[in-house]
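Structural overview for review
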Amino acid sequence: MKFRNAALIAALAAVAGASQAAEPVIGLITKTDTNPYFVTMQKGAKQEATKLGAKLLTAAGRFDGDNSSQVTALENMTAAGAKTILITPGDSKAIVPTIEKVRKQGVMVIALDSPTEPASAVNALYATDNYQAGELIGEYAAKVMKGKKPVIATLDLFPGSPVGAQRHNGFMKGFGLAAAPASSNELSKSSEIVCSADSDGDQAKGQTAMQNCLQKNPNINLVYAINEPAAAGAYQALKQAGREKGVAIVAIDGGCKGVEEVQQGIITATAQQYPLKMAALGVKAGVEYAKTGKMVSGYHNTGVNLITDKPIAGVESQGTKFGMRMCWGNR
């Protein structure tokens, strides 16, 4: 009887083990869990995990750039059995040693949205081509100027950010100004850019930055903003100064609120990216790795579209109806 009970217990344990093995464990670590962009990313990952029968673990930094929380999450998820971890690195350099440590334990690590530095620290990257997104709005802005002398303010992210540099430099190249390549993390400069300020992608900081730029040069007629919250802040500063009708504002992101601001004329054009798609593709790759042992590698472009209701010949774009169908975040 004891032998039979022991055999039964062993059989049940084997079934339980097989059941657990059949459920891949995927981790997702975002920069924050409050930004609508990353909330959408979590939504995309959860939907795909449910669809494919995977268990999803989630974590986030307390703020953008919170490396210590992301380090802890990587370690905890690895200990919890995650074989693939998706991460939007808050600090592209500081997170690398921990990524290298968990990869040595057999974990596949995929960066979403933002690359690590070096990019080779992860197995793969699923992201917007931020340089291309910058080029799109730069090319559009150049035509909006219609030959007028450009007096440009740039509301950037923060120093050393690969995403911030790629968007800024891509904008400059698209506009026709000399700019560093996508591999550079330094912001290029030009005499046409009369003011550059960090906004951290925040509306209030964007407003303050624009106020300071207007004090420096009240003749600004074009604003490049790292994202739509910063662009909205710039608009408020321009409105307070009575200048909102004489300045074009271009941005990047394509969130629902941002697309609405394009409809309202607050933002002239924005380049839309697709965080839900990034997360879904990452989860799919993780499940494939769990089932077959096949790892993904390299960069995977998840697409970008210029959104505006003021199309210009020679610049490919979509209207805000398309933008609202494809947008993310609160409507």
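Presented here is an overview of the structure given in this document. These numbers come from a predicted model, not from an experiment.

1. Comments concerning the state of the cysteines
Evaluated as defined, the whole model comprises two disulfides. Disulfide pairing is shown between Cys195 and Cys213; the S-S distance is 2.1 Å. Of note, the bridge from Cys195 to Cys213 carries an S-S torsion of about -70° and is left-handed in sense. Of this pair, Cys195 sits in strand 7 (residues 193-198) while Cys213 sits in helix 7 (residues 203-216), and the two are 18 residues apart along the sequence. A relative accessible area of 7% means that Cys195 is categorised as buried. What pairs with Cys256 in a disulfide is Cys327, and their sulfur atoms sit 2.0 Å apart. Negative torsions about the S-S bond denote left-handed disulfides, and the value of about 90° found for Cys256 with Cys327 makes this one right-handed. With Cys256 in helix 9 (residues 256-263) and Cys327 in the segment after helix 11 (320-326), the pair connects residues that are 71 residues apart, well separated along the chain.

2. Let's talk about the side chain of Asp113
Its location among the elements puts Asp113 in the loop between strand 4 (108-112) and strand 5 (124-127). Buried Asp113, no salt bridge; nearest opposite-charge side chain is Lys31, N-O distance 4.3 Å. Side-chain polar atoms of Asp113 contact the side chain of Ser114, separated by 3.0 Å.

3. Some thoughts on the nonpolar core
Core analysis: the biggest nonpolar cluster contains 48 residues, and Ile137, Phe171, Phe175, Met210, Leu222, Val223 and Val250 have the highest contact counts within it. Here this core gets six residues from one element, more than from any other, and that element is helix 8 (residues 228-240). With residues up to four places along the chain from it excluded, the contact list for Phe171 reads Gly134, Glu135, Ile137, Gly138, Ala141, Ile152, Leu222, Tyr224 and Val250. One finds Phe38, Leu112, Tyr126 and Val283 within the second-largest nonpolar core, a separate group that totals 23 residues.

4. Notes on the pairing of strand 5
Looking along a regular strand, one sees the side chains alternate between the two faces of the sheet. Because side chains alternate across strand 5, one face comprises the buried residues Ala124 and Tyr126, and the other comprises Leu125 and Ala127, equally buried. Bridge count for strand 4 against strand 5 is three bridges, and the pairing is parallel. If you follow Ile110 over to strand 5, its bridge partner there is Ala124. The pairing of strand 5 with strand 11 (residues 298-301) spans four bridges and is parallel.

5. A look at the sheet that holds strand 6 (residues 152-156)
Spatially, six strands are ordered 7-6-8-9-10-12 in an open sheet, and the strand pairing comes out mixed. Unpaired on one side and paired on the other, strand 7 and strand 12 (305-307) mark the two borders of the sheet. Adjacent strand axes in the sheet meet at a mean angle of 15° when their direction is disregarded. The pairing of strand 10 (residues 269-272) with strand 12 spans three bridges and is classified as antiparallel. By the bridge assignment, Gln272 is partnered in strand 12 with Asn305. Across the sheet, helix 7 is in contact with strand 6, strand 7 and strand 8 (222-225); its angle to strand 7 comes to roughly 155°. Packed on one face of the sheet, helix 8 meets strand 6, strand 8, strand 9 (248-253) and strand 10 and runs near 160° to strand 9.

6. What about the layout of surface pockets?
Roughly 730 Å³ of volume is contained in the largest pocket. What lines the largest pocket is a set of 32 residues, and nearest its centre among them are Asn35, Gly201, Asn227, Pro229 and Asp253. Taken together, the residues of the lining of the largest pocket sort by class into ten nonpolar, twelve polar and ten charged.

7. With respect to the packing of aromatic side chains
Counted under the stated rule, the structure contains four aromatic pairs. Seen in terms of ring centroids, Phe171 and Phe175 are 5.9 Å apart; in terms of plane orientation they differ by 35°. Their pairing is tilted. Here Phe175 and Phe171 lie together in helix 6 (residues 162-175), a separation of four residues that amounts to about one turn. Under the relative-accessibility criterion, Phe171 is labelled buried at 0%. For Phe175, a relative accessible area of 13% puts it in the buried group. Linked through ring pairs, Tyr37, Phe38 and Trp328 together constitute an aromatic cluster.

8. Things to note about the packing of helix 3 (residues 67-79) against helix 4 (residues 96-103)
Running from N to C, helix 3 and helix 4 point in directions that differ by 5°, and their axes come no closer than 9 Å. On the basis of their axis angle, the class for helix 3 and helix 4 is roughly parallel. Seen from helix 3, the contacting residues are Val71, Leu74, Glu75 and Thr78; seen from helix 4, they are Thr98, Ile99, Lys101 and Val102. Partitioning the contact of helix 3 with helix 4 into residue classes produces four nonpolar, two polar and two charged.

What counts, and at which threshold
Residues numbered from 1 in each chain as written. Predicted model: local features only at pLDDT ≥ 70, side-chain atom pairs only at ≥ 80, totals over all residues. Heavy atoms only, no water. Disulfide = S-S within 2.5 Å. Helix = DSSP H or I, 4+ residues; strand = E, 2+ residues; numbered from the N terminus. Buried < 20%, exposed > 50% of the residue type's maximum accessible area, 1.4 Å probe, protein only. Lys, Arg positive; Asp, Glu negative; His and termini not counted. Salt bridge = Lys/Arg side-chain N within 4 Å of Asp/Glu carboxyl O. Polar contact = N/O pair within 3.5 Å; in protein donor to acceptor, adjacent residues only side chain to side chain. Core = buried A, V, L, I, M, F, W, Y, C linked by side-chain atoms within 4.5 Å. Contact = heavy atoms within 4.5 Å. Pairing = 2+ DSSP bridges. Axes fitted to C-alpha atoms, helices over the stretch in contact; angles between N-to-C directions. 1 Å grid on protein atoms, 1.4 Å probe; cavity = no way out; pocket = protein on both sides within 12 Å on 5 of 7 lines; lining within 4 Å. Points joined across faces, edges and corners; volume = space filled by probe spheres on them. Nonpolar A, V, L, I, M, F, W, Y, C, P; charged D, E, K, R; others polar. Phe/Tyr/Trp six-rings, centres within 6.5 Å; stacked < 30°, edge-to-face > 60°. Parallel < 35°, antiparallel > 145°, perpendicular 65-115°, else oblique.

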